[in-house]
Amino acid sequence: MLQIVGLGLVATFLALILKEHKSPIAFLLVVFVGSVIFLFLIDQIYEIIKMVERLSINAHVNMIYVETILKIIGIAYIAEFGAQITKDAGQGAIASKIELGGKVLILSMAIPILTVIIETIISMLPN
Amino acid sequence: MGIDMNTIFQIAGIGIVVAFLVTVLEQMGKKDYANWVTLIGFIYILFMVASIVEDLFQKIKSVFLFQG
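Residues numbered from 1 in each chain as written. Chains lettered and ligands numbered in written order. Predicted model: local features only at pLDDT ≥ 70, side-chain atom pairs only at ≥ 80, totals over all residues.

Per an unreviewed UniProt entry, chain B goes by Stage III sporulation protein AC and derives from Priestia aryabhattai.

An unreviewed UniProt entry lists chain A under the name Stage III sporulation protein AD, from Priestia aryabhattai.

As structure tokens, this is what we get:
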């Protein structure tokens, strides 16, 4: 944790210094630091996801649903990363388009789950 | 973590050196050389950043079960 905070602080100061001279390079530094922090965290995330998978196998949940949920989390993270970096670079319009893309893709991935829910509800209804 | 820290300082250092060079070259009246220095520094850093972003996306793909 201290490593991440230290990394963030050092990167912020370096970006401030760079922003006085060259704006695009400061922006690339910010992208780099974002990637480094996530790569630092990804081992723990992998452990968490392995645990979720193991639990779902033990509980006999259909693996397709868990996989879909993990994919949705991945899409949400990538969209958030891209949107924040674009917003930082001052392109709010592109950022909101990236977010829109993420939302649409998540909704389209959730279609099988939604269909199953609706079919279950319909089969519960008395004829 | 150590390598990453080094790369961050490397990026910042290249940025400062490029800014300094551009200032000096513009003082000397060599505007086109200044532009080339900016471009080359930018491409070098872009290369480093692009390689780590590619690494990040590969990791996300493998962790969040995107096989395709």
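What follows picks up the thread again.
1. Description of the overall build of chain A
Each helix and strand counted, chain A has five helices and zero strands in total. Taken from N to C terminus, the helices and strands of chain A fall in the order α-α-α-α-α. Scaling as 2.2 N^0.38, a compact globule of 127 residues should have a C-alpha radius of gyration of about 14 Å, whereas chain A reaches 20 Å, well beyond that. Taken along its principal axes, the extent of the C-alpha atoms in chain A is 70 × 35 × 15 Å. Counting the 127 residues in chain A, one finds 14% classified as buried. (Helix = DSSP H or I, 4+ residues; strand = E, 2+ residues; numbered from the N terminus. Rg over C-alpha atoms; globule rule 2.2 N^0.38 Å. Buried ≥ 20, exposed ≤ 12 C-beta atoms within 10 Å, placed from the backbone.)

2. Notes on the interface of chain A and chain B
Counting residues at the interface gives 32 residues for chain A and 23 residues for chain B. Residue assignment for the side of chain A that touches chain B shows that the elements contributing at least two residues are helix H1 (2-21), helix H2 (23-58) and helix H3 (63-88) of chain A. Looking at which element gives the most residues to the side of chain A that touches chain B, the answer is H2 of chain A, with 17 residues. (Contact = placed C-beta atoms within 7 Å.)

3. A look at the UniProt feature "transmembrane region" (unreviewed entry) in chain B
All names here are of chain B. UniProt records the feature "transmembrane region" (unreviewed entry) at residues 7-27 and 33-53, using the numbering of this structure. Across residues 7-27, helical content stands at 100% and strand content at 0%; the span's end C-alpha atoms are separated by 30 Å. Along residues 33-53 one finds 100% helix and 0% strand; the C-alpha atoms at either end are 30 Å apart. (UniProt positions renumbered as here; feature names shortened; annotations may be inferred.)

4. Concerning unusual backbone geometry
One non-glycine residue, His 60 of chain A, lies in the positive phi region at around 55 degrees. Along the polypeptide, His 60 of chain A turns up in the loop between H2 and H3.

5. Here we look at the UniProt feature "transmembrane region" (unreviewed entry) in chain A
All names here are of chain A. In this numbering, the UniProt entry assigns the feature "transmembrane region" (unreviewed entry) to residues 25-46 and 104-125. End-to-end, the C-alpha atoms of residues 25-46 are 32 Å apart, and along that stretch the chain is 100% helix and 0% strand. Secondary structure over residues 104-125 splits into 91% helix and 0% strand, and the C-alpha atoms at its two ends are 30 Å apart.

6. Description of the nonpolar core
Within the largest apolar cluster, 20 residues are counted, with the highest numbers of intra-cluster contacts made by Ala 15, Leu 18, Leu 28, Leu 29 and Phe 32 of chain A together with Ile 11 of chain B. For this core, the element with the highest residue contribution is H2 of chain A, accounting for nine residues. Look past the residues within four positions of Ile 11 of chain B in its chain and what remains in contact with it is Leu 28, Leu 29 and Phe 32 of chain A together with Ile 45 and Met 48 of chain B. (Core = buried A, V, L, I, M, F, W, Y, C linked by C-beta atoms within 7 Å.)

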